[in-house]
Amino acid sequence: VLDARGSCDNAQLVSCGMDKTVIVWEVATGTPVRKFRGHAGHAGVVNCVRFNEDSSVALSGSIDGTVKCWDVKSKRQEPIQTLEESGDSVTSLDVSDHEILVGSADCRVRRYDLRNGQMLVDYVGSPVSSVSFTKDGQCLLVSATNDTIKLFDKSTGELLQEFTVSYHYPVS
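Criteria and thresholds
- Residues numbered from 1 in each chain as written.
- Predicted model: local features only at pLDDT ≥ 70, side-chain atom pairs only at ≥ 80, totals over all residues.
- Heavy atoms only, no water.
- Salt bridge = Lys/Arg side-chain N within 4 Å of Asp/Glu carboxyl O.
- Helix = DSSP H or I, 4+ residues; strand = E, 2+ residues; numbered from the N terminus.
- Buried < 20%, exposed > 50% of the residue type's maximum accessible area, 1.4 Å probe, protein only.
- Patch = residues over 30% accessible without salt bridge, like charges linked within 9 Å, V, L, I, M, F, W, Y side chains within 5 Å.
- Areas by Shrake-Rupley, 256 points an atom, 1.4 Å probe, with all protein chains shown as cover.
- Pairing = 2+ DSSP bridges.

Draft legend 1. Region of interest: the pattern of salt bridges. Taken as a whole, this structure holds 5 salt bridges when the rule is applied. As a salt-bridge pair, E99 and R111 come within 2.6 Å of each other at their nearest N and O atoms. Note that E99 is positioned in strand 10 (residues 99-104) and R111 in strand 11 (residues 108-113), a separation of 12 residues in sequence. Accessibility expressed as a relative area gives 11% for R111, which makes it buried. Among the salt bridges present, the one from D106 reaches R110, with a minimum N-O distance of 2.8 Å. Here D106 matches R110 in class, with each residue buried. By sharing partners, the salt bridges in this structure join E99, R111 and K154 into a single network.

Draft legend 2. Molecular detail of a nonpolar patch on the surface. On the surface, L141, I149, F163, V165 and Y167 cluster together to form a nonpolar patch covering roughly 430 Å² of accessible area. Structurally, V165 can be placed in the segment after strand 16 (159-164). With relative accessibility at 36%, the residue V165 sits in the partly exposed group.

Draft legend 3. The arrangement of the pairing of strand 11 in detail. For strand 11, the tally of buried residues reaches 5 of 6 residues, placing the bulk of the element in the interior. Pairing between strand 10 and strand 11: 5 bridges, direction antiparallel. Bridge pairing in strand 11 links V102 to R110. Here strand 11 runs beside strand 12 (residues 118-123); their pairing, made up of 6 bridges, is antiparallel. When the sheet's bridge partners are listed, R111 is paired in strand 12 with L120.

Structural data, given as structure tokens:
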């Protein structure tokens, strides 16, 4: 298991992993209720999962460079949408009420605005390891494999702050 998230009502979990599947679990019984397979071939390891705001859709990001959107309420086994713009492994996802934030090993962060059908792309210079919206939804946090965390203003794309991880801890 590489990632897992709870639903908005805590009744379900969604997980993903090395077996190339996305599994929706019922919390009360501990049993899988849905299993999705659809990421490509041997490169289909699924790195990250999220539910949308009302937990009707599960999103998965894979080493195959795609984000797949799965309808967890229907019996449909195919994704309802596939985002194929990443040039390398999708490493991280976050979701708001109208946006999907995608981090990739191609050194880019993509933000899909579902209200107006736009995709915005920012190059961050190193493979992205994690992305998230801030709690107020005004900024983006992006961590990268070059030991940095960057805080961006979501509306302008301006870099507000950059933090560099130091492995030299002060001795007290």
